[in-house]
Amino acid sequence: MRFIFKTHYDQDLVLFKHAGARWSYGALALILLLAPWLLSEYLLSQLAFICIYGIIGLGLMLLSGYTGQVSLGHAAFLAVGAYTHALLVGAGWPFVLSLAVAGTLSAAAGVIVGLPALRVKGIYLAIATMAFGFIVEEILARWESVTGGNSGKQVGPPEFFGYKLVSTAEFYYLCLVIAVLATLGVLNLLRSPTGRAWVAIRDSEVSAQSMGISLARYKTIAFAVSAFLAGIAGALYAHKLRFLSPDQFTIIQSIELLLMIVIGGLGSVHGAFFGAAFLISLPQAIVWLRDYLPDSVANATGLQPTVFGLILIVFILYEPFGIYGRWFKLRTYFQLFPFYRRGLFRRQRAFQKSERLK
Amino acid sequence: MSDALFEAEGLSLHFGGVKAVNGVGFSVRKGEIFTLIGPNGAGKTTVFNLISRIYQPSAGTMRFDGQDLLAVAPHRVASLGIARTFQNIELFENATVLANLLIGRHTHRTTTFAQELLFTPAARAGERMFRYRVEQVIEFLDLALYRDTMVAGLPYGVRKVVELARALAIGPKLLLLDEPSSGLNVEETEGMAFWMTDIKHDLGITVLMVEHDMSLVGRVSDRVLAMNQGEVIALGTPAEVQSHPAVIEAYLGTAAMAVEAA
Amino acid sequence: MQLLQILLSGIAQGCIYGLIALGFVLIYKATETVNFAQGELMMLGAFIGLLAFAGWGWPLAAAVLLAVVVMALAGVAVERAVLRPILGQPAFAIVMVTIGLGFVARGAVTMVPNVGTETFALEVPYRFSTVNAGGVVIGVAQIVVIAVTALLCAVLYALFRYTRIGVAMQASSQNQLAAYYMGIPVKRLNGIVWGLSAAVAAVAGLLLAPITFVHVNMGFIGLKAFPAAVVGGFGSLPGAIVGGLVIGLAESLAGFYLPEGFKDIAPYVVVLVMLWLKPNGLFGETARKKV
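Please read all numbers here as calculations on a predicted model, not as lab measurements.

## A closer look at the overall build of chain A
Here is step 1: A count of helices and strands for chain A gives 16 helices and four strands.
Here is step 2: Relative to its length of 358 residues, chain A is compact, with a C-alpha radius of gyration of 21 Å against a globular reference of 21 Å.
Here is step 3: For the C-alpha atoms alone, the extent of chain A along its principal axes is close to 60 × 50 × 50 Å.
Here is step 4: Within the span of chain A, comprising 358 residues, buried residues form 47% of the whole.

## What to know about the environment of Ile-89 of chain B
Residues and elements named next belong to chain B.
Here is step 1: By the secondary structure assignment, Ile-89 is in the loop between strand 6 (82-84) and helix 3 (97-104).
Here is step 2: Here the alpha-carbon distance between Ile-89 and Leu-164, two residues 75 residues apart in the chain, equals 9.8 Å.
Here is step 3: Ignoring any residue separated from it by four or fewer positions in sequence, one finds Ile-89 in contact with Arg-159, Lys-160 and Glu-163.

## Side note on the packing of helix 6 (residues 122-142) of chain A against helix 9 (residues 221-232) of chain C
Here is step 1: Remark: helix 6 of chain A packs on helix 9 of chain C, axes separated minimally by 10 Å, with the N-to-C direction vectors making an angle of 135°. Looking at the two axes, helix 6 of chain A sits oblique to helix 9 of chain C. You can see that helix 6 of chain A and helix 9 of chain C cross each other, and the crossing is left-handed. Listed contacts from helix 9 of chain C to Tyr-124, Ile-127, Met-130 and Ala-131 of chain A of helix 6 of chain A are Phe-226, Pro-227 and Val-230 of chain C.

## Some words on the interface of chain A and chain C
Here is step 1: Listed by partner, the interface residues are 43 residues for chain A and 47 residues for chain C.
Here is step 2: For the side of chain A that touches chain C, the secondary-structure elements that each account for two or more residues are helix 6, helix 12 (251-265), helix 14 (295-298) and helix 15 (303-318) of chain A.

## Details of the domain arrangement of chain B
Residue and element names in this part refer to chain B.
Here is step 1: Domain assignment breaks chain B into domain 1 (1-81 + 172-236) and domain 2 (91-170).
Here is step 2: On the domain 2 side, the residues contacting the nine residues of domain 1 number eight residues.
Here is step 3: Elements with a contribution of two residues or more to the side of domain 1 that touches domain 2: helix 2 (77-80) and helix 7 (186-201).
Here is step 4: When its residues are assigned to classes, the side of domain 1 that touches domain 2 shows six nonpolar, two polar and one charged.

## As for helix 5 (residues 95-114) of chain A
Working note: α-helix, 3.6 residues per turn, so residues spaced by three or four point in the same direction.
Here is step 1: In this model helix 5 of chain A runs 28 Å from its N-terminal to its C-terminal C-alpha over 20 residues, within 8% of the 28 Å that 1.5 Å per residue would give.
Here is step 2: At its buried positions, helix 5 of chain A is contacted by helix 4 (75-90), helix 6 and helix 11 (215-241) of chain A.

## A look at the sheet that holds strand 5 (residues 67-68) of chain B
Residue and element names in this part refer to chain B.
Here is step 1: Pairing is antiparallel across the open sheet formed by four strands, whose spatial order is 2-1-4-5. Only two strands of the sheet have a single partner each, and these edge strands are strand 2 (18-29) and strand 5.
Here is step 2: Most of the contacts of helix 1 (residues 44-51) go to strand 2, to which it runs at about 70°, and overall it touches strand 1 (4-15), strand 2 and strand 4 (59-64).

## Points about helix 1 of chain B
Residue and element names in this part refer to chain B.
Here is step 1: Within helix 1, eight of the eight residues are buried, leaving the element largely enclosed by the surrounding structure.
Here is step 2: Along helix 1, the residues that are buried comprise Lys-44, Thr-45, Thr-46, Val-47, Phe-48, Asn-49, Leu-50 and Ile-51.
Here is step 3: The first or second residue beyond helix 1 is Arg-53, which carries a positive phi of 65°.

## Quick notes on the nonpolar core
Here is step 1: With 285 residues, the main nonpolar core has Ile-55 of chain A together with Met-71 of chain C as its most contacted residues.
Here is step 2: A per-element tally of this core places helix 11 of chain A first, with 16 residues.
Here is step 3: Both domains that meet at this core, namely domain 1 (1-81 + 172-236) and domain 2 (91-170) of chain B, each give it at least three residues.
Here is step 4: Once residues within four sequence positions are removed from consideration, Met-71 of chain C is found in contact with Leu-41, Leu-44, Gly-45, Ile-48, Ala-198, Ala-199, Ala-201 and Ala-202 of chain C.

## Considering the sheet that holds strand 3 (residues 33-37) of chain B
Residues and elements named next belong to chain B.
Here is step 1: Overall, mixed pairing links the six strands, which are arranged 6-7-8-3-9-10 in an open sheet. Two strands lie at the open edges of the sheet, namely strand 6 and strand 10 (231-236), each paired on one side alone. The sheet shows a mean angle of 20° between the axes of neighbouring strands, taken without regard to direction.
Here is step 2: As judged from the five bridges shared by strand 9 (residues 223-228) and strand 10, these two strands associate in the antiparallel manner. If you follow Val-224 over to strand 10, its bridge partner there is Gly-236.
Here is step 3: Where helix 1 meets the sheet, it contacts strand 3, strand 6, strand 7 (174-178), strand 8 (206-210) and strand 9, and its direction lies at approximately 145° from that of strand 7.

## Some details on unusual backbone geometry
Here is step 1: Here the phi dihedral of Arg-242 of chain A falls at roughly 65°; this positive angle occurs in a residue that is not glycine.
Here is step 2: As for its position among the elements, Arg-242 of chain A is in the loop between helix 11 and strand 4 (243-244).

## Regarding the pairing of strand 4 of chain B
Residues and elements named next belong to chain B.
Here is step 1: Bridge count for strand 1 against strand 4 is five bridges, and the pairing is antiparallel. Counted as the bridge partner of Glu-9 is Thr-61 from strand 4.
Here is step 2: Pairing between strand 4 and strand 5: two bridges, direction antiparallel. Considered in strand 5, the bridge of Arg-63 is made with Asp-68.
Here is step 3: Between strand 4 and the antiparallel strand that follows it, strand 5, lie two residues; Asp-65 among them carries a positive phi value of about 50°.

## Let's talk about the environment of Arg-63 of chain B
Residue and element names in this part refer to chain B.
Here is step 1: Along the polypeptide, Arg-63 turns up in strand 4.
Here is step 2: Sequence spacing of Arg-63 and Arg-109 is 46 residues, and the spatial spacing of their C-alpha atoms is 25 Å.
Here is step 3: Not counting chain neighbours up to four residues away, the residues in contact with Arg-63 comprise Glu-7, Asp-68 and Leu-69.

## Digging into the packing of helix 3 (residues 60-83) of chain C against helix 4 (residues 91-111) of chain C
Residues and elements named next belong to chain C.
Here is step 1: Orientation of helix 3 relative to helix 4, taken along the N-to-C sense of each, is 125°, at an axis distance of 12 Å. By the angle class used here, helix 3 and helix 4 are oblique. As helix 3 runs across helix 4, the sense of the crossing is right-handed. Where helix 3 abuts helix 4, its residues Val-78, Val-82 and Leu-83 lie against Ile-94, Val-97 and Leu-101.
Here is step 2: Of the residues belonging to the contact of helix 3 with helix 4, the class tally is six nonpolar, no polar and no charged.

## What to know about the environment of Gln-13 of chain C
Here is step 1: Relative to the elements of secondary structure, Gln-13 of chain C occurs in helix 1 (residues 2-31).
Here is step 2: In this view, Gln-13 of chain C contacts Gly-248, Glu-251 and Ser-252 of chain C; residues no more than four positions away in its chain are not counted.

## Quick word on the pairing of strand 7 of chain B
Residues and elements named next belong to chain B.
Here is step 1: Here strand 7 lies mainly inside the structure; five of its five residues are buried.
Here is step 2: Neither face of strand 7 is open: one carries Leu-174, Leu-176 and Asp-178, the other Leu-175 and Leu-177, and all of them are buried.
Here is step 3: Sheet topology places strand 6 next to strand 7; three bridges connect them, and they run parallel. Bridging from a neighbouring strand, Ile-82 pairs with Leu-174 of strand 7.
Here is step 4: Strand direction decides the pairing type here: strand 7 and strand 8, joined by five bridges, are parallel. Following the sheet pairing, Leu-175 is matched in strand 8 by Val-207.
Here is step 5: Following the backbone out of strand 7, through helix 7 and into the adjacent parallel strand 8, one traces a crossover that is right-handed.

Thresholds, definitions, all that
- Residues numbered from 1 in each chain as written.
- Chains lettered and ligands numbered in written order.
- Predicted model: local features only at pLDDT ≥ 70, side-chain atom pairs only at ≥ 80, totals over all residues.
- Helix = DSSP H or I, 4+ residues; strand = E, 2+ residues; numbered from the N terminus.
- Rg over C-alpha atoms; globule rule 2.2 N^0.38 Å.
- Buried ≥ 20, exposed ≤ 12 C-beta atoms within 10 Å, placed from the backbone.
- Contact = placed C-beta atoms within 7 Å.
- Axes fitted to C-alpha atoms, helices over the stretch in contact; angles between N-to-C directions.
- Parallel < 35°, antiparallel > 145°, perpendicular 65-115°, else oblique.
- Left-handed = near helix turned anticlockwise from the far one by under 90°.
- Domains from an automatic or database assignment.
- Nonpolar A, V, L, I, M, F, W, Y, C, P; charged D, E, K, R; others polar.
- Expected span 1.5 Å × (residues − 1).
- Pairing = 2+ DSSP bridges.
- Core = buried A, V, L, I, M, F, W, Y, C linked by C-beta atoms within 7 Å.
- Right-handed = clockwise from strand over helix to strand, strands pointing away.

Rendered as structure tokens:
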């Protein structure tokens, strides 16, 4: 733990609180920029995926982690963005405009899905978002003239003024740039009144209202921003997979997105990217694991959900702050060495508080 | 009354057959400390909840600073200049004390969403101004030690002060304090009394409070309103109200009157 | 006549949803947790019944009993091993754990060789029999579902009305710390509730098995039981059944009268309409925080 001697309010406002942070993020930036020369093509494409899922994670983290509105149908926003973008670029629209429209349409869907949030909370809201997710999925399957229904839709590579981004490296840079911009945007929102209003809504709605925070307005903004990010990520997702079909956007995908941010570390921006990295690397890890397991177990299709579920349970039992929590503790250990005590992060014995009476 | 900051007339709230508040009327003058007293269940906190617009009254009117309060939505009450603390502390548990106070500044926000998204110099300046004002409150209430602590880890007495600080951060004209000294020991209550007089004299804020600690009431209040079972039973200076027969009966029962007479 | 048949099949399906929803509500009433693995518990119950009945040749009644007992014990075990350690964490975390359990259950069953990827039929004697009641052909399986559901509801009602468990459950869910102080054995109570809920799920699974088949993705029906529980109001036991019936009927009617595809989303449209009109469901409580 570093103690920073602050003399100016700006030191609290900046994103990089001290020189060490600037160095380490700078090094990270350097590695990410040089990735096409450092990593194999396959790993590079996985990194692009991590960026895409990271963007979705940012949105969901904002909505569920910071504002406390559970969204069980987030894949629907991904779908709206993906299909809208696929249709528009297919019709010849320029990439950036199409991306903006896809994001905006997703945001509009987010506002609609957020309407129940203005009236209901907790499990009721979760089920309402789940219901929306199912309905969108069904619409995608049935509206064949537009979406191609269950037989799916082809998508070409991204194109800027006639130049097609075909190579893995070019696409990776596109995803990286958008991910960085999204992260900066979210970080900015979180350190301003809007972000604080979101946290206030999560912790005590009555109190937030008495502080002058309009619940309706900020919940709607949270849904809109979250859906916008998912929409943009959906557009990139469409380009990455080159093929869209409704079964890519089911309730299982929505649940996996939630799992991603919970394992990554709920309530932190790092958590979105740690979670994305986890989600993308899990199938690889399982493939690697297969070599060490007996045949019957290894070749079963059920191995991935089982491992996923087990890891989730283990994390919530032993590390509720997720991967980011573990990372933070590890860093603190080295910073405080040898004075680190386990009790630094020990949670107080908690009793369940009724969420209905919040 | 021209210098009445807040006026209530015929305020009533019925929950089914229960009359939580029945025909309550009073006015609070600018700059005074006005206290509501009464046994538990008298309806004092309910009156607060009516003023904060958490509840909708069944009957009656309320005016604040010349404005009809019934036309105001709950989240607009703070921007009018009314701040409140809660009886069972409603702080934002998963945030630091500083964050809690900064949230209190929300109604003074000058930035738009776009400015915040891009964190323009205007947004930066806005944040600095927030910090400046919040630091004034922190200094006023001696909370500097706890500035960066998570509320969840704070002792009860400190939380009460943070609750007060958050209300002050709103920059209110009228401060509603719901049992500010409940759960505090003698020293902490003394501190609270000093702060209340400072709030009145240095900050010029009008205070409307609910209180049970009679010595505190006697020390700081300008006027007292006694309630029982949702109705007003006495209004006057602390001395007048505390010796009012109806008040004694409400608190202690008629036997006390007999002891008095004897 | 056809309408009657549609209504009946809707009611029967609704009873299944209602039973699963009942399991949700039981756990929610006691611990304010939502068990996203309820569908998977149902699936496991059906598989155990199948194993005993078709695999080991046990009589049907014995197989049913075994499934119910094993699942009840499993419910208690799950509560003890996985949920008790995280008591006190926010509801969202606990929901995530149950989702994880669902994943594990589904994945584990899929991995069982020869069984996980196949679909099986539970060959109960009444599987294909029908009854002709004044020109209307009713499947006996459906009647069994409705009858068993009614019986189970009566039993549970008696349990909560005439024993102290019901009151203890509500106390524990509203203020756990106070419940501890009052001497309510909160942890043991939670275990009992989970066991009961798992047993109900097993019954639902066994009732469902003859109508649909027994396969590893059976649990997805549990997802439709959520709208049922919400429509009825999440804290209400009779509400769960009523909600289930509403959803079952809506689905059945939509399947017949509306174009293709509406049948699948009917439950979700109904739940959204209900949340709009009556945010706390039909029998839900409007609890408000007293500040």
